[in-house]
Amino acid sequence: MEIEIVGLDSSIINAMRRILLSEIATIAIEDIYVFENTSILNDNILAHRIGLIPLRINPKQIQFQKMYCLKDQTNSVVLILKNSNFCNSFRLTKDIFCKDFSYRRYGSLIPHQSRVYFSIKQDIVKKNSFLTFEDILITKLKPKQV
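Structure report, in brief. (Residues numbered from 1 in each chain as written. Predicted model: local features only at pLDDT ≥ 70, side-chain atom pairs only at ≥ 80, totals over all residues. Heavy atoms only, no water.)

### Let's talk about the environment of Asp 135
In this fold, Asp 135 is placed in the loop between α3 (111-114) and β4 (137-141). Here the alpha-carbon distance between Asp 135 and Asn 42, two residues 93 residues apart in the chain, equals 22 Å. (Helix = DSSP H or I, 4+ residues; strand = E, 2+ residues; numbered from the N terminus.)

### A short note on a nonpolar patch on the surface
The grouping of Met 1, Ile 3, Ile 5, Leu 8, Ile 12 and Met 16 at the surface amounts to a nonpolar patch, some 660 Å² of accessible area in total. One can find Ile 12 in helix α1 (residues 10-22). The class for Ile 12 is partly exposed, based on a relative accessible area of 42%. (Patch = residues over 30% accessible without salt bridge, like charges linked within 9 Å, V, L, I, M, F, W, Y side chains within 5 Å. Areas by Shrake-Rupley, 256 points an atom, 1.4 Å probe, with all protein chains shown as cover. Salt bridge = Lys/Arg side-chain N within 4 Å of Asp/Glu carboxyl O. Buried < 20%, exposed > 50% of the residue type's maximum accessible area, 1.4 Å probe, protein only.)

### Some points on the layout of surface pockets
Here the idea is plain: a probe the size of a water molecule rolls over the atoms and shows the empty space left. Computed from the structure, the largest pocket encloses a volume of approximately 1300 Å³. Taken together, 44 residues line the largest pocket, and the ones lying closest to its centre are Ile 29, Asp 31, Ile 32, Tyr 33 and Leu 79. Among the elements of the structure, α2 (43-51), β1 (78-81) and β4 are those that each provide at least two residues to the lining of the largest pocket. Looking at the lining of the largest pocket residue by residue, the classes come out as 27 nonpolar, eleven polar and six charged. (1 Å grid on protein atoms, 1.4 Å probe; cavity = no way out; pocket = protein on both sides within 12 Å on 5 of 7 lines; lining within 4 Å. Points joined across faces, edges and corners; volume = space filled by probe spheres on them. Nonpolar A, V, L, I, M, F, W, Y, C, P; charged D, E, K, R; others polar.)

### Comments concerning the packing of aromatic side chains
For the structure on display, the rule yields zero aromatic pairs. The ring of Phe 97 has Lys 99 sitting right over it, with the charged end atom 5.4 Å from the ring centre. (Phe/Tyr/Trp six-rings, centres within 6.5 Å; stacked < 30°, edge-to-face > 60°. Lys NZ or Arg CZ within 6 Å of the ring centre and 35° of its normal.)

### A few points about the environment of Tyr 117
Relative to the assigned elements, Tyr 117 resides in the loop between α3 and β4. Judged by its relative accessible area of 34%, Tyr 117 falls in the partly exposed class. As a C-alpha pair, Tyr 117 and Ser 102 span 15 residues in sequence and 18 Å in three-dimensional space. Residues contacting Tyr 117, with those up to four places away along its chain left out, are Leu 70, Lys 71, Asp 72, Gln 73, Pro 111 and His 112. (Contact = heavy atoms within 4.5 Å.)

Here it is as structure tokens:
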């Protein structure tokens, strides 16, 4: 979409652009639970990198969560990333990309810690269609890292 505005100051146009962008509803990864991370990246840095991954989920299909409400199948999406590098060669590293995420239709594996309780199967996301780009590198694992 292109708009050409002539005769206005650039600061006013930039303010209008910022207002339009702030009103667009998006879905992002918010809560991340790390069980085992032996990679060189700290848990917080890894969580920040994962939180910046753009998702292709229609915001109209998810009800926005009110404060202090439980998460369920209507307002949450659960993604899981399980990967390890158990090769014996010390020169081979394994790249972990966005495409290694898997979508879990039946909710969290740890509902008590994450406070995500699904009572029925969720069909918001089509199979492997939740990623905008599949080739975003998250981290690299050296041998014998999880």
